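# Notes for the structure review
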Amino acid sequence: MIKPLEIGDLKVKIPVIQGGMGVGISLSRLAGNVALEGGMGVISTAQIGFREPDFQKNPLEANFRAMKKEIKKAKEIAKGGVIGVNIMVATRHYKEYVKNAVLAGVDVILSGAGLPIDLPEYVKESKVKIAPIISSLKAFTVISRVWERKYSRYPDFVVVEGPKAGGHLGFSKEKAKMLTQAEYDKVIKDIVEKAEEYGKKAGRKIPVIVAGGIFDKKDMDHAFSLGADGVQVGTRFVTTKECDADERYKGAYLKAKKEDIILIDSPVGMPGRAIHNAFIERVKVQPEKITHCYQCIEGCQGKDIPYCITEALVHAALGDTENGLLFCGENAWRCNKIEEVKEIMRGFSGINT
């Protein structure tokens, strides 16, 4: 019998967290249905208001309005299941995003793409659970020490995202290519050990969640053998009926071969993993003219980048797969049919095996 994931007073019946995927890939429909089936559903807040009529003119207000709507819809679908949001630390106005998510009634906030040093400050006086997404023992230690010293608080759980993940990565391209499974397994074990140490100080368990390349129960069982308490799964949920992405986006995953999945340099200064397409080839030789800034990521130098990451991801989410950026995990080529969330969750629970 599979052991539920317990995070304080929250119980996730099947220890699967659906990864937050933006722009517009994991919204209320996907997150709500994963939570309904016993996992933790996660909404990506990255440019979440892209369908709002005033998005171009007022991206911040559009995003906050859409976030509130999507959390509400997800909770209605989930019928009491656990709903989280993924808010990147690199997001401009990060503090305001967190505070708006708390006001909208979310259960959990997960934060990566930077160190969420001040996250406890932004959720104080709320019951919202908080978790850093990290890729190294050093990052986990730094965050935990600061939270301990400044806020007398520890992570409610931690997500360890490996080099096989999709989208922006916490590794250099070289490290992502060279890191072996055995080396990454050692990182996970070290973080499990450190989480136990901090858990003793906190007086409660700090669950460790393994992410990056998790596709099926075999991968989950391997994570459990390293001491993990659960897994985070993104790519596998893209090719579901419930995923919020356009059907053409899902089709690009179904058509992708192993060799089509490549590492790229994102214009926001991080490496990423995506499906090779005409867009990636085109912007290598002919950078796009940036005519508008959506104020998405801290540190983005608009005038010096080959394309706008917001526009590239929005085009993809809307189904323009030849003029957009198709982020994916290393195992996207293994997606060979449209599934239902229920089927996938049953597989992870062991019912189908």
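Report on the accompanying structure. Please read these numbers as outputs of a predicted model, since none were measured by experiment. (Residues numbered from 1 in each chain as written. Predicted model: local features only at pLDDT ≥ 70, side-chain atom pairs only at ≥ 80, totals over all residues. Heavy atoms only, no water.)

### Quick word on the sheet that holds strand β9 (residues 167–168)
To keep it simple, the criterion reads: Strands are treated as partners if at least two bridges between them are detected by DSSP. In this text, helices come from DSSP runs of H or I with a minimum length of four residues, and strands from runs of E with a minimum of two, each type numbered from the N-terminal end.
Ordered by their spatial adjacency, three strands build an open sheet running β9-β13-β12, and the pairing between neighbours is antiparallel. For this open sheet the edge positions go to β9 and β12 (261–265), each flanked by a neighbour on one side alone. Examined bridge by bridge, β9 and strand β13 (residues 271–275) share two bridges and lie antiparallel to one another. What sits directly across from Gly 167, in β13, is Arg 273.

### What to know about the pattern of salt bridges
Worth spelling out the cut-off: Only one rule defines a salt bridge in this text: a Lys or Arg side-chain nitrogen within 4 Å of an Asp or Glu carboxyl oxygen. Note on classification: 1.4 Å probe, protein chains only; a residue is buried when its accessible area is under 20% of the maximum for its type, exposed when over 50%, partly exposed between these limits.
For the structure shown, the criterion picks out 27 salt bridges. With a shortest N-O distance of 3.6 Å, Arg 282 and Glu 288 are connected by a salt bridge. Its relative accessible area of 29% is what places Arg 282 among the partly exposed residues. Since its relative accessible area comes to 30%, Glu 288 is described here as partly exposed. Salt bridges linked by common partners bring Glu 52, Asp 54, Arg 65 and Lys 69 together as one network.

### Quick notes on the environment of Gly 22
Note the cut-off: Throughout, a contact is declared for two residues whenever any of their heavy atoms are within 4.5 Å.
Counting through the fold element by element, Gly 22 comes out in the loop between β3 (16–18) and α1 (28–36). Here Gly 22 falls in the partly exposed class, since its relative accessible area comes to 22%. The spatial distance from the C-alpha of Gly 22 to the C-alpha of Thr 310 is 9.6 Å, given a sequence separation of 288 residues. With residues up to four places along the chain from it excluded, the contact list for Gly 22 reads Ser 44, Ala 46, Leu 313 and Phe 327.

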